[in-house]
Structures are given as structure tokens and as C-alpha cells.
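Residue-level structural notes
Residue-level listing of the chains:
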Amino acid sequence: MNQVGPRNGSAGDTGDTSAEAGPAPDVRPRTAGAKVPPQQGAADADRERTRGAAGNRVEAGPGSGTPQGAAAHSDPARGEHTHSETPIPQPRAARGRPQAGAAGGPAPSTQPAAPRPVVQRSSVRGQILDALRVALVGGELAPGEVYSAPVLGERFGVSATPVREAMQQLAVEGAVEVVPNRGFRVVERGARELAELAEIRVLLEVPVMQRLARSVPAERWVELRPLAKATARAAATGCRATYVESDRAFHRAVLALSGNEQLVRIADDLHRRAQWPSATGPASRRRAALTANAAEHTELLEALINKDLATTQSLVRDHFTGA
């Protein structure tokens, strides 16, 4: 009988203990009652990888070329499943920059990221609101007519949203009213409504003007003469929309000397309501009417400078009645 030597890879060559004599391994299938150890979920796997990356990270310090705390900010917050969220797009100036990430990657840029652009919707709404007010005062938006936000948006070259927001503000001011599923109707102001507004302005402002005539020094009234001259120049143009702005600026400056901000705000709102075109009269004042109204500002200042209370009261009443 020939002797057979040990084969390559046997226990004699490799020292593998599995070839030694011993009990054979149990290869029978597990019974149904055997317990299966708990499996690691996706969230646990992410957490383990995060902890492992944190353990291998080198702490940044002075002279290392990496800002301190950059590594900490690159880790997702513990307990937050950020792997399934949609990433927020970066501003254009920040795109393409190296990001702080895994060990051995490029060092993050020390330049601050460009601020996110802020869309100032309020500025668009304000511009549309001013344009609509000019159109109302000038008669371009006729009393009784209904206007839709999309149509006005095409006129101003904007979407319907800022127009709708501006028209809602005009509805609060009483210039228009909401028509469901159609748009906004320009309010028709009759003689009675204008007379009621004038009466309220007289009751509110005449006592204040008399008090200011007694207490405000003449030099302060002289400072308002440029505003009175500005109303005269605006009246000379014959443009009602231009005049009403300078007219309200003069009255705001006069009442501002009282130091009562709420009074100035309420009186200015009443003044604006009284300036909307009425259905019974022309859409705009004639140049002569505007010139006469502006001249009353100069007369009022002279009465206030001379502390003439009777003339002041009479001028204010007549001025509001003809406003």
C-alpha cells in the first residue's frame, strides 16, 4: 500500500484547528422556537456611521487651516432623519464652493456665504397702491366701474397678487368695494358723503388749529411756507393727482406740530377719503379751482403767524368744505 502524504492546505501545513479531531459542527436547521437577534434599522445604521465619522475626525485648532467648529456643523443633528429631506438650494454665489465633509476632503472655504436674496413683496405692493391711488384721484378708474386684479396686473406689468393686495387696502380706506368673483368696484361718493367727511374734519382739526395758533411760535409757521408754495406750483400744472399729494403733505406738516401722531394719521386718512372723485362732479378739478384751494394755504399760514384765531377758524372751515 502506497503512503499518501498530506495535501496542500491541510492541517499539517496551515495549522488550521478545524482539521483536528473533535465533534462535528451542528449543521441542522434551527428550530422554530429559536430567537432571532434584533436587526439594525436604517436610522441606527446612519447613527453608527455618524458616530464613527465623529470618532475619526481630527479636532481643528489654531494653525490647522480649518476653522474651529466646522466639523461639528457638518454633522446632522442627532435624532433628526436628515437623510430623507430635500436639500435647500444654495445661493448662486455659494454654489461650487468646497463643502466641509468627510475626513481627507478639501478644507472648507473661509469666505462667508452670500446672503440669501430677500424678495420684498411689500415694495411691489406699495408701488401698485400708489399707482392705483393716482389713477383714482385722476379719474382713470371711474366711479361705479368694476376692475379685476388680473386686468390691472397686465396694465402694470405685474401678477394679480400684489394688485389684489393693494385693492384690498383701498377697500379698507373706502375707495373701492369688493365684488365677489368679479373684482373691485370704485365707490361712488355723493355730495352727502363728502359733506359728512368735511364735518368730521372740522370737528377734529379746528380745535387743534386754534390751540396751535396760541402756542406755536411764528418762526415755526414761517418754516412751512415752502410747502404752501409747493401746493401752488402743483396747482399751476392743472394735474389733480399731483396737487393732492402736495396738499396732504402741507396738512400733515401743520398737524405734526401738535406732536400727536395718531391725530396726524387719522386726519390724513380722512383727507384722502375726501379727495376721491365724486360721481356728481367732474373727475378732476379745473386749474382755477386748484389754484384757489392752494392760495388758502398761504392765507392760513398768515393767520397762524399773527395768532388770528377767528380768521384761522373761518379759513379751516371753508377750506374743508371746498376740499
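Residues numbered from 1 in each chain as written. Predicted model: local features only at pLDDT ≥ 70, side-chain atom pairs only at ≥ 80, totals over all residues. Heavy atoms only, no water.

1. Observations concerning the side chain of arginine 189
Mapped onto the fold, arginine 189 is located in the loop between β3 (183-186) and α7 (191-215). Within polar-contact distance, the side chain of arginine 189 engages the side chain of glutamate 193 at 2.3 Å. For arginine 189, the side chain forms a polar contact with the main-chain oxygen of arginine 273, separated by 3.2 Å. (Helix = DSSP H or I, 4+ residues; strand = E, 2+ residues; numbered from the N terminus. Polar contact = N/O pair within 3.5 Å; in protein donor to acceptor, adjacent residues only side chain to side chain.)

2. Here we look at the packing of aromatic side chains
Inspection of every chain in the model, using the stated rule, returns zero aromatic pairs. Lying across the ring of phenylalanine 320, arginine 201 places its NZ or CZ 4.0 Å from the centre. (Phe/Tyr/Trp six-rings, centres within 6.5 Å; stacked < 30°, edge-to-face > 60°. Lys NZ or Arg CZ within 6 Å of the ring centre and 35° of its normal.)

3. Observations regarding the packing of α7 against helix α10 (residues 240-256)
Relative to each other, α7 and α10 sit at 55°, their axes nearing to 10 Å. When the interaxial angle is binned, α7 and α10 end up oblique. Here Arg201, Glu205, Val208, Met209 and Leu212 of α7 lie close against α10, whose contacting residues are His251, Val254 and Leu255. Here the residues of the contact of α7 with α10 sort into five nonpolar, one polar and two charged. (Axes fitted to C-alpha atoms, helices over the stretch in contact; angles between N-to-C directions. Parallel < 35°, antiparallel > 145°, perpendicular 65-115°, else oblique. Contact = heavy atoms within 4.5 Å. Nonpolar A, V, L, I, M, F, W, Y, C, P; charged D, E, K, R; others polar.)

4. A look at the environment of glutamate 299
For glutamate 299, the location among the structural elements is in helix α12 (residues 287-305). Note: C-alpha distance between glutamate 299 and threonine 311 (twelve residues apart in sequence) is 9.1 Å.

5. A word on the nonpolar core
In globular proteins that are soluble, nonpolar side chains generally tend to be buried together. Of all hydrophobic cores here, the largest spans 25 residues; its most connected members are Met209, Trp221 and Leu300. Sorting the residues of this core by element identifies α7, α10, α11 (261-275), α12 and α13 (309-321) as the ones contributing at least two each. Counting residues per element, this core draws most heavily on α7, at six residues. In contact with leucine 300, not counting residues within four places along its chain, are Met209, Phe250, Thr312, Leu315 and Val316. One finds Leu136, Ala149, Met167 and Val244 within the second-largest nonpolar core, a separate group that totals 20 residues. (Core = buried A, V, L, I, M, F, W, Y, C linked by side-chain atoms within 4.5 Å. Buried < 20%, exposed > 50% of the residue type's maximum accessible area, 1.4 Å probe, protein only.)

6. A closer look at the packing of helix α5 (residues 149-156) against helix α6 (residues 160-173)
Helix-helix packing is characterised by the crossing angle of the two axes and by the distance between the axes. Interhelical geometry of α5 versus α6 gives an angle of 115° and a closest axis separation of 8 Å. Taken together, the axes of α5 and α6 lie roughly perpendicular to each other. When the axes of α5 and α6 are compared, the crossing they make is right-handed. Residue-level contacts link Ala149, Pro150, Leu152 and Gly153 of α5 to Ala160, Val163, Arg164 and Met167 of α6. Partitioning the contact of α5 with α6 into residue classes produces six nonpolar, one polar and one charged. (Left-handed = near helix turned anticlockwise from the far one by under 90°.)

7. Details of α11
The terminal C-alpha atoms of α11 lie 21 Å apart, and with 15 residues this matches the ideal 21 Å at 1.5 Å per residue to within 8%. Buried within α11 we find Leu263, Val264, Ala267, Asp268, Leu270, His271, Arg272, Ala274 and Gln275. Two to three positions downstream of the cap, the backbone nitrogen of glutamine 262 sits 3.2 Å from a side-chain oxygen, assigning the N-cap of α11 to asparagine 260. (Expected span 1.5 Å × (residues − 1).)

8. Some remarks on unusual backbone geometry
A positive phi angle, close to 65°, is found at asparagine 181, a residue other than glycine. Note on placement: asparagine 181 falls in the loop between β2 (176-179) and β3.

9. Some points on the sheet that holds strand β1 (residues 146-147)
Within the open sheet, the three strands sit side by side as β1-β3-β2. Their pairing is antiparallel. Edge positions in the sheet fall to β1 and β2, since each of these pairs with one other strand and no more. Sheet topology note: the β1/β3 ladder contains two bridges and is antiparallel. The partner of tyrosine 147 across the bridge, within β3, is phenylalanine 184. The sheet strands contacting α6 are β2 and β3, and the helix crosses β2 at an angle near 120°. (Pairing = 2+ DSSP bridges.)

10. A look at the pattern of salt bridges
On inspection of all chains with the given rule, the structure shows 15 salt bridges. Among the salt bridges present, the one from arginine 185 reaches glutamate 177, with a minimum N-O distance of 3.1 Å. One salt bridge connects arginine 272 with aspartate 268, and the closest N-O pair in it is separated by 3.7 Å. Of this pair, arginine 272 and aspartate 268 are both found in helix α11, four residues apart, which corresponds to roughly one turn of the helix. As far as the burial class goes, arginine 272 and aspartate 268 line up, both buried. Several salt bridges share partner residues, and in doing so they unite Asp130, Arg133, Glu173, Glu245, Arg248, Arg252, Asp268 and Arg272 into one network. (Salt bridge = Lys/Arg side-chain N within 4 Å of Asp/Glu carboxyl O.)

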